[in-house]
Amino acid sequence: MRKILSLVLCAVLSFGMLPTSFAVTEEKIDLGDGFYMVIERPEEGISTYALRNASKDATVYYSDTKVGTMTVTAQFTYSSSGVSVNSKSCTASGANGWSVKDKWTSGTTNQVTGYATFSNGSTSKTAPLSITCDKNGNIT
């Protein structure tokens, strides 16, 4: 009985030492004209053999004021012979008086790029956000 209790106690203590939060990697991209965007690391969704779902989020700023957010989502098929895009989408929303004038996606064999044009009066800016998948299913 002592051995079982010792094993249970060791297991509980081991699981208690696991990290409970993970750092989010961010990248700041200068878009010019006072605009920049902060991109969060790509989030890899459910993956099955040869399929990879992924999304990437970004927040767009103009002179340190939040203009809006955008998300690009894609599904890739990958193998040792190459990568193809199965589906792609881009969503966006404005903030602080800014609106989304237009949004669209384009794709190549292994990359999807979403574009969102944020507008406020006569000022507008198009922000690009890309997801890439390699032949091993790695997302960047």
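Reading guide: rules and limits
- Residues numbered from 1 in each chain as written.
- Predicted model: local features only at pLDDT ≥ 70, side-chain atom pairs only at ≥ 80, totals over all residues.
- Heavy atoms only, no water.
- Helix = DSSP H or I, 4+ residues; strand = E, 2+ residues; numbered from the N terminus.
- Buried < 20%, exposed > 50% of the residue type's maximum accessible area, 1.4 Å probe, protein only.
- Polar contact = N/O pair within 3.5 Å; in protein donor to acceptor, adjacent residues only side chain to side chain.
- Core = buried A, V, L, I, M, F, W, Y, C linked by side-chain atoms within 4.5 Å.
- Contact = heavy atoms within 4.5 Å.
- Pairing = 2+ DSSP bridges.
- pLDDT = per-residue confidence, 0-100.
- Axes fitted to C-alpha atoms, helices over the stretch in contact; angles between N-to-C directions.

A. Region of interest: the environment of Lys-56. If you trace the backbone, Lys-56 turns up in strand β4 (residues 51-62). Of the residues examined, Lys-56 reaches a relative accessible area of 10% and is grouped as buried. Engagement of the side chain of Lys-56 in a polar contact is seen with the backbone oxygen of Ser-130, the distance being 2.7 Å.

B. Broad picture of the nonpolar core. Core analysis: the biggest nonpolar cluster contains 24 residues, and Met-37, Val-60, Met-70, Phe-76, Phe-118, Ala-127 and Leu-129 have the highest contact counts within it. Residue assignment for this core shows that the elements contributing at least two residues are β2 (35-40), β4, β5 (65-79), β6 (82-94), β8 (111-120) and β9 (123-132). With 6 residues, the single largest contributor to this core is β5.

C. How the structure looks around the environment of Lys-28. By the secondary structure assignment, Lys-28 is in strand β1 (residues 26-32). Among all residues touching Lys-28, those that are not within four sequence positions of it are Tyr-36 and Met-37.

D. Inspection of unusual backbone geometry at higher detail. Residue Ser-63 is not a glycine yet carries a positive backbone phi of 50°. Even without a glycine there, the phi angle at Asp-64 is positive, about 65°. For Asp-64, the position within the fold is in the loop between β4 and β5. For Asp-64, a relative accessible area of 61% puts it in the exposed group.

E. Region of the structure containing the pairing of β5. Bridging between β4 and β5 involves 12 bridges; their strand directions are antiparallel. Looking across to β5, one finds that Ala-54 is bridged to Ala-74. Linking two consecutive strands that pair antiparallel, namely β5 and β6, is a turn of 2 residues.

F. Region of the structure containing the confidence of the model for the protein. Mean pLDDT over the protein stands at 83; residues scoring 70 or higher make up 77%. Looking across the protein, the model is least confident in helix α1 (residues 2-16), with a mean pLDDT of 41, and most confident in β8, with 98. Low pLDDT (under 50) marks residues 2-23, which in the prediction has 1 contact with non-local residues, meaning those over four places away or in another chain.

G. Inspection of the sheet that holds β8 at higher detail. Read across the open sheet, the 3 strands follow the order β7-β8-β9; overall the sheet is antiparallel. Each having just a single partner strand, β7 (99-107) and β9 make up the two edges of the open sheet. Pairs of neighbouring strands in the sheet enclose a mean axial angle of 15°, with direction left out of account. Bridge count for β7 against β8 is 8 bridges, and the pairing is antiparallel. Considered in β8, the bridge of Ser-99 is made with Ser-119.

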